[in-house]
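What the coordinates show
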Amino acid sequence: MTNIVKWATIKEHFSQGLVIGNGASIALSDSFKYPSLYQAAQDAKFLAEGTQGVFSSFKSQDFELVLRRLWQATLVNQALKIDNERVQSAYVEVRKSLISTVHAIHPAYDQVKQHFSAMGTFLKGFHTVASVNYDLTLYWAAMWSNENGLGSWFKDAFDRATFRDDWQTLKEPYKADGATLYFYPHGNLCLGTQAEGSEIKIAAGGENLLQTITEQWEQGVVTPLFVSEGTTEQKLTAIRRSNYLSRVHIEVLGSLGDAVAFYGLGFWSQDEHLIQRATKNAKSVAVSVHKADQSFIERASKALESAGVKKITFFDAESPGAWIHA
């Protein structure tokens with residue numbers, strides 16, 4: 001039987017890097033239990049038959065990929081003065097289904113606000129945080145914590161809307177007693193790509209952020225920048241076509257340190273690229289486990305051992321001080 005420890009007994013040894021997976025979002029809201037946004041859209045009947053055909057034609061269930069390709073096709077058609085009605089119609093339908101799905105499953109700010117204090121306390125114990133979740137909860141918790149006593153502790157390395165080339169200099173505390181940098185290796189709802197290809201962060205007050213994001217999608221200001229589906233190979237392809245995602249994958253994940261913690265990651269085959277990169281320099285790894293799930297422990301152990309990790313410690317995901325468990 002694998003020994004499962006309390007977070008408090010090991011947290012001092014794991015203050016360098018943290019990787020957050022979907023289990024962390026599920027702990028906040030059951031709405032995130034859907035295995036994919038595409039499945040959620042199907043179940044809610046937001047995807048018409050024709051819209052599903054667009055996804056099938058690209059052999060993908062990734063909203064970001066499909067929307068980007070349709071958008072690029074529109075730009076080409078306009079430049080060549082080719083009738084674009086069918087492409088534009090498909091783009092609008094896919095975008096509409098994404099917006100409807102996100103609104104249907106993403107909890108409102110006030111529904112998760114009660115957890116921000118505990119989340120902030122947990123997250124500030126790390127130098128670097130990388131969340132593979134597309135939702136806004138990390139962003140909300142970081143901003144709430146800064147506004148409620150931490151000053152400029154949490155930093156996402158964006159200078160207003162643009163990702164900073166010198167992001168590593170932000171590791172030094174500024175107008176705060178410490179610093180935690182946080183990143184999105186698979187993108188996020190708050191990130192978007194503009195028509196000319198530049199990638200930006202969409203900013204707004206916490207309560208208004210989700211609405212601002214979907215308004216910018218509706219108005220065609222940006223297409224979303226997040227990897228919603230795919231095998232590990234498909235995710236890597238999506239990462240490579242984005243400047244921000246590429247830099248986070250190579251520069252951030254590759255420098256998480258020799259002691260890395262994972263919270264809420266499933267350690268499925270589609271996580272292989274993430275695990276390999278995040279544990280590149282890791283001598284020891286701490287992994288959260290829910291309800292002493294032995295099948296999960298076996299899966300995580302196998303994935304980490306394949307990545308070359310020698311020392312693995314499992315801790316109770318619901319133990320005091322871990323994530324939302326104050």
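Higher on the page you've got the structure.
A brief report on the enclosed structure follows. (Residues numbered from 1 in each chain as written. Predicted model: local features only at pLDDT ≥ 70, side-chain atom pairs only at ≥ 80, totals over all residues. Heavy atoms only, no water.)

Assigned secondary structure in the protein chain consists of 13 helices and 13 strands. By its C-alpha atoms, the protein chain is 65 × 45 × 35 Å across when sized along the principal axes. With 326 residues in all, the protein chain has 54% of them scored as buried. Considering only intrachain contacts with a sequence separation of at least 6, the fraction spanning at least 24 residues in the protein chain is 74%. Total accessible area computed for the protein chain in this model is approximately 15000 Å², and 48% of it derives from carbon and sulfur atoms. Of the charged side chains in the protein chain, 31 are positive and 34 negative; the average position of the first set lies 4 Å away from that of the second. (Helix = DSSP H or I, 4+ residues; strand = E, 2+ residues; numbered from the N terminus. Buried < 20%, exposed > 50% of the residue type's maximum accessible area, 1.4 Å probe, protein only. Contact = heavy atoms within 4.5 Å. Areas by Shrake-Rupley, 256 points an atom, 1.4 Å probe, with all protein chains shown as cover. Lys, Arg positive; Asp, Glu negative; His and termini not counted. Charge placed at Lys NZ, Arg CZ, Asp CG, Glu CD.)

Counting 83 residues, the largest nonpolar core has Leu123 and Trp323 as the members making the most contacts within it. With seven residues, helix 5 (residues 85-105) is the single largest residue contributor to this core. Both domains that meet at this core, namely domain 1 (4-29 + 110-316) and domain 2 (38-105), each give it at least three residues. Sequence-distant contacts of Leu123, defined by excluding residues within four places in its chain, comprise Leu18, Ile20, Val129, Leu138, Phe154, Thr180 and Trp323. (Core = buried A, V, L, I, M, F, W, Y, C linked by side-chain atoms within 4.5 Å. Domains from an automatic or database assignment.)

It is worth spelling out the packing of aromatic side chains at this point. Taken as a whole and judged by the stated rule, the model has 23 aromatic pairs. A connected cluster of aromatic rings, assembled from ring pairs, spans Trp7, Phe122, Phe126, Tyr263, Phe315 and Trp323. Above the ring of Trp153, the side-chain terminus of Lys124 is found at 4.3 Å from the ring centroid. Across the ring face of Trp268, the terminal group of Arg299 is positioned such that the distance to the ring centre comes to 3.6 Å. (Phe/Tyr/Trp six-rings, centres within 6.5 Å; stacked < 30°, edge-to-face > 60°. Lys NZ or Arg CZ within 6 Å of the ring centre and 35° of its normal.)

A few words on the pattern of salt bridges. Inspection of every chain in the model, using the stated rule, returns seven salt bridges. The partner of Asp30 in a salt bridge is Lys33, with the nearest N and O atoms 3.7 Å apart. When sorted by exposure, Asp30 lands in the same class as Lys33, which is exposed. In this structure, Arg247 and Glu251 form a salt bridge, with 3.0 Å as the shortest nitrogen-oxygen distance. With Arg247 and Glu251 both in helix 11 (residues 243-252) and four residues apart, the pair spans about one turn of that helix. (Salt bridge = Lys/Arg side-chain N within 4 Å of Asp/Glu carboxyl O.)

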